[in-house]
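Structural features, examined
Below are the chains, spelled out letter by letter.
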Amino acid sequence: MRRPSAVVVATGVLFAAPLAALVVRAFADVWRAPALLPQRWGGRGFEAAFAGDDAIPALVASLGTGAATTTLALVIAWPAARVLGERRLHHPAPVFMLLAMPLLVPPYAVGLGLTEWFLRLGVTGTAAGLVLAHLAVVLPYTVLLLLSGFGPEIRGLEEMGRAAGLSGAERLRWVTVPALRPTLATAALVSFLVSWSQYGTSLAVAPEQPTLPVVLLPFVGADPQAAATLSLLFLAPAVLALLAAVRAMKAPA
Amino acid sequence: MLAPACIVLLLLFGGAVVGLVRSSLVTLGGAVSLDAWRGLLADPGFADAARFSVQVAVLSTVLAAAAGLVLAGLLRSRGTLPRAVLALPVPVPHLLVATSAVLWLGPGGLADRLLGALPLELIRDHGGLGIVAVYVYKEAPFLALLVLAACGQGLQAREEAATVLGATPWQRLRWVTWPAIRGPLLVGSIIVCAYAAGAFEVPLLVGPNSPPTLATFAFEATKTDVIAGQGTAAAALTLLSLFAIAIAALAVRFARDVEGA
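Turning our eyes to something else, we now look at the overall build of chain B. Secondary structure assignment for chain B yields 12 helices and zero strands. Sequence-ordered secondary structure for chain B, helices as α and strands as β, is α-α-α-α-α-α-α-α-α-α-α-α. Each of the three principal axes of chain B carries a C-alpha extent, and together these read 75 × 55 × 35 Å. Counting all 261 residues of chain B, 49% fall into the buried class. Partitioning the intrachain contacts of chain B with sequence separation of at least 6 by distance along the chain shows that 72% fall at a separation of at least 24. Side-chain charges of chain B comprise 16 positive and 14 negative groups, with the mean position of each set lying 10 Å from the other.

Structural data, given as structure tokens:
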């Protein structure tokens, strides 16, 4: 086996060390300067982070919003991704411009603009309001990722399924979804991550129903150990995403 | 088939834009007024915030693009592991990178402990260097991965062909490599610039109290004046959104001119 070069090791240290320090900080009950390692290890961070009434509901809100937004985004994005991926549109530019806009406009602006209507509809501060606001930001990512999976290969496989006498639902179940699985998994994971990371949007539309990032931020100044503990929870989906990406990179084409 | 996604986006995103502009023009009593805009443009704090936002966004983007190109160059001929390591910060939320930056670069932080006192106080730096550092750390790998994705086997074959035809390394870079990577680099840079101009969790954690970025300025306006602040925030965010869209339009126009040249 080839030994990793100095460049690879340096890149590894540069990008892994800052995040690894969060793990140490989360379990460091006492860590006074200038010591490089904590004077006392322990789980005070967990107690402090979950002592209030906010953290567990925020975790549940983040998970629920992420799951609901991802599911909705996949269902809504699927037909559009198919049309765009199979290049069936003669003039796709306006659609791509519409998809690009939410990536450019600040999330807090989207949230504040939606609040104007959500107040009238009575959905401000509700789970439905959070999901709708996240959907505005997540949907373009879902469409853009999903469209890369559609193309002549999938169409060919579906034709074979049709020739073999499979119904529409059977083709979807046994042909399309299995063939699209890697793209589908990536789109789902990224969509969930985009929703999971939303700060400005959530703060604007649902200040009364905080999500994990909204609860985490004030801890950074007030209690770094509790902040690091919540950070580890906040980091978990990103680590899963990375493991899945590495697996996909190693998989034979 | 496009209808569901387009209708949802037009309703939600279009509705958000209309709501934002409406908020800046219609008072709580329902009257149309330019007071929020007049107040905003007369506020010296707004000019400072706008200047600071543009400075942070442009500096972060330029440095992240340069660092991304260097990283892509260093890791281009290497295997899966270096790319996986490089991808590490990409899915990590900005808020976490900023949290980690406070832990490392704050007063008495790990960098201070490892290296002695740092020559620069990055966290809460008045020039926004802490914000720029977080964005460069987070976005340079993203841009490097976009560039690496464009450096596939097809490009390698074209580069080899250019060498066989007698091209110097500089000519190969100028006429073969750069045209292949500038598109993804530009698209990525637009996204980075728009994000750096508009997000506010990073400035809240590592930025100075004054000047704020435009997004922080808008957020603080809603906190300090619950009624009039909403209009001021909406007007500031409308301008910020226009800035992001204008940057994207200019970049696309510039790219087209270059392609046509």
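After presenting the structure, the write-up continues.
Attention now moves to the nonpolar core. One recurring pattern in soluble globular proteins is that nonpolar side chains are buried together. Counting residues in each nonpolar core, the largest one holds 143 residues, and the members touching the most others are A:Y108, A:L114, A:L139, A:L146, A:L230, B:V206 and B:L237. Element by element, the count of residues in this core is highest for helix α3 (residues 55–85) of chain A, at 12 residues. When residues are assigned to domains, this core turns out to be shared by domain 1 (15–51 + 223–253) and domain 2 (55–213) of chain A, each giving three or more. Among all residues touching A:L230, those that are not within four sequence positions of it are A:A49, A:F50, A:A55, A:L212, A:V215, A:L216 and A:F219. A:L104, B:I190, B:A244 and B:A251 belong to the second largest nonpolar core, which has six residues in total.

So, about the side chain of A:S191. All names here are of chain A. In this structure, S191 sits in helix α8 (residues 168–197). Residue class for S191 comes out buried when judged on its relative accessible area of 0%. Here T142 takes part through its side chain, which lies 3.0 Å from a polar atom of the side chain of S191. Apart from residues no more than four positions distant in its own chain, S191 is found in contact with T70, V138 and T142.

End to end, helix α1 (residues 3–25) of chain B covers 31 Å across 23 residues, agreeing with the expected 33 Å (1.5 Å per residue, within 8%). Those residues of α1(B) not exposed but buried are B:A5, B:C6, B:V8, B:L9, B:L12, B:F13, B:G15, B:A16, B:G19, B:L20, B:S23 and B:S24.

Chain A puts 70 residues into the contact, and the matching count from chain B is 66 residues. Roughly 6,100 Å² is buried in total at the junction of chain A and chain B, and carbon and sulfur atoms are behind 83% of that figure. Of all residues in chain A, A:F15, A:L104 and A:Y108 bury the most surface against chain B, accounting for 12% of the area lost on that side. Residue A:E116 is joined to B:R22 by a salt bridge in which the shortest nitrogen-to-oxygen separation is 2.6 Å. Sorting elements by how many residues they give to the side of chain A that touches chain B places helix α1 (residues 6–26) of chain A first, with 13 residues. Partitioned by chemical class, the residues of the side of chain A that touches chain B number 56 nonpolar, seven polar and seven charged.

Here we come to a nonpolar patch on the surface. There is a patch of nonpolar side chains on the surface, built from A:V23, A:F27, A:L36, A:L37, A:W41, A:F46, B:L114 and B:L115 and spanning about 820 Å² of accessible area. Structurally, the position occupied by A:F46 is in helix α2 (residues 44–51). A:F46 sits in the partly exposed class, given a relative accessible area of 37%.

What follows is about α8(A). Taking 1.5 Å of rise per residue, 30 residues should cover 44 Å, yet α8(A) covers just 36 Å from first to last C-alpha, more than 12% shy of that figure. Residue A:R181 marks the point of greatest curvature in α8(A), where the axis turns by about 70 degrees; the proline A:P182 follows within four residues.

Attention now moves to the pattern of salt bridges. Residue and element names in this part refer to chain A. Counted according to the given criterion, the structure contains 11 salt bridges over all chains. Between D223 and R44 there is a salt bridge; the shortest N-O distance is 2.8 Å. Within this pair, whereas D223 is found in the loop between α10 (212–222) and α11 (224–250), its partner R44 is found in helix α2, the two being separated by 179 residues in sequence. In this structure, R82 engages E86 in a salt bridge whose closest nitrogen and oxygen atoms are separated by 3.3 Å.

Here the focus is the confidence of the model for chain B. Predicted confidence across chain B gives a mean pLDDT of 90, with 98% of residues reaching 70 or more. The ipTM value of the predicted complex is 0.89, and its pTM value is 0.90.

Moving on, we get to the domain arrangement of chain A. All names here are of chain A. What the domain assignment lists for chain A is domain 1 (15–51 + 223–253) and domain 2 (55–213). Between domain 1 and domain 2, the contact holds 10 residues from the first and 10 residues from the second. Taken together, both faces of the contact between domain 1 and domain 2 bury some 800 Å²; the carbon and sulfur share is 89%. Contact with domain 2 buries area across many residues of domain 1, yet F50, F234 and P237 alone supply 58% of it, more than any other trio. Our count for the domain 1 to domain 2 interface comes out at zero salt bridges. Applying the counting criterion to the domain 1 and domain 2 interface returns one residue pair in polar contact (both at pLDDT 80 or more). Listed by contribution, the elements that provide at least two residues to the side of domain 1 that touches domain 2 are α2 and α11.

Turning to the packing of α3(A) against α1(B), a few remarks are in order. The N-to-C vectors of α3(A) and α1(B) enclose an angle of 120 degrees; their axes lie 7 Å apart at closest approach. In terms of their interaxial angle, α3(A) and α1(B) are classed as oblique. Contacts between α3(A) and α1(B) involve A:I76, A:P79 and A:A80 on the former and, on the latter, B:P4, B:A5 and B:V8. Split by residue class, the contact of α3(A) with α1(B) holds six nonpolar, no polar and no charged.

The rules we used
- Residues numbered from 1 in each chain as written.
- Chains lettered and ligands numbered in written order.
- Predicted model: local features only at pLDDT ≥ 70, side-chain atom pairs only at ≥ 80, totals over all residues.
- Heavy atoms only, no water.
- Helix = DSSP H or I, 4+ residues; strand = E, 2+ residues; numbered from the N terminus.
- Buried < 20%, exposed > 50% of the residue type's maximum accessible area, 1.4 Å probe, protein only.
- Contact = heavy atoms within 4.5 Å.
- Lys, Arg positive; Asp, Glu negative; His and termini not counted.
- Charge placed at Lys NZ, Arg CZ, Asp CG, Glu CD.
- Core = buried A, V, L, I, M, F, W, Y, C linked by side-chain atoms within 4.5 Å.
- Domains from an automatic or database assignment.
- Polar contact = N/O pair within 3.5 Å; in protein donor to acceptor, adjacent residues only side chain to side chain.
- Expected span 1.5 Å × (residues − 1).
- Buried area = accessible area lost by both parts, 1.4 Å probe.
- Salt bridge = Lys/Arg side-chain N within 4 Å of Asp/Glu carboxyl O.
- Nonpolar A, V, L, I, M, F, W, Y, C, P; charged D, E, K, R; others polar.
- Patch = residues over 30% accessible without salt bridge, like charges linked within 9 Å, V, L, I, M, F, W, Y side chains within 5 Å.
- Areas by Shrake-Rupley, 256 points an atom, 1.4 Å probe, with all protein chains shown as cover.
- Bend = angle between axes of the 7 residues up to and from the residue.
- pLDDT = per-residue confidence, 0-100.
- Axes fitted to C-alpha atoms, helices over the stretch in contact; angles between N-to-C directions.
- Parallel < 35°, antiparallel > 145°, perpendicular 65-115°, else oblique.

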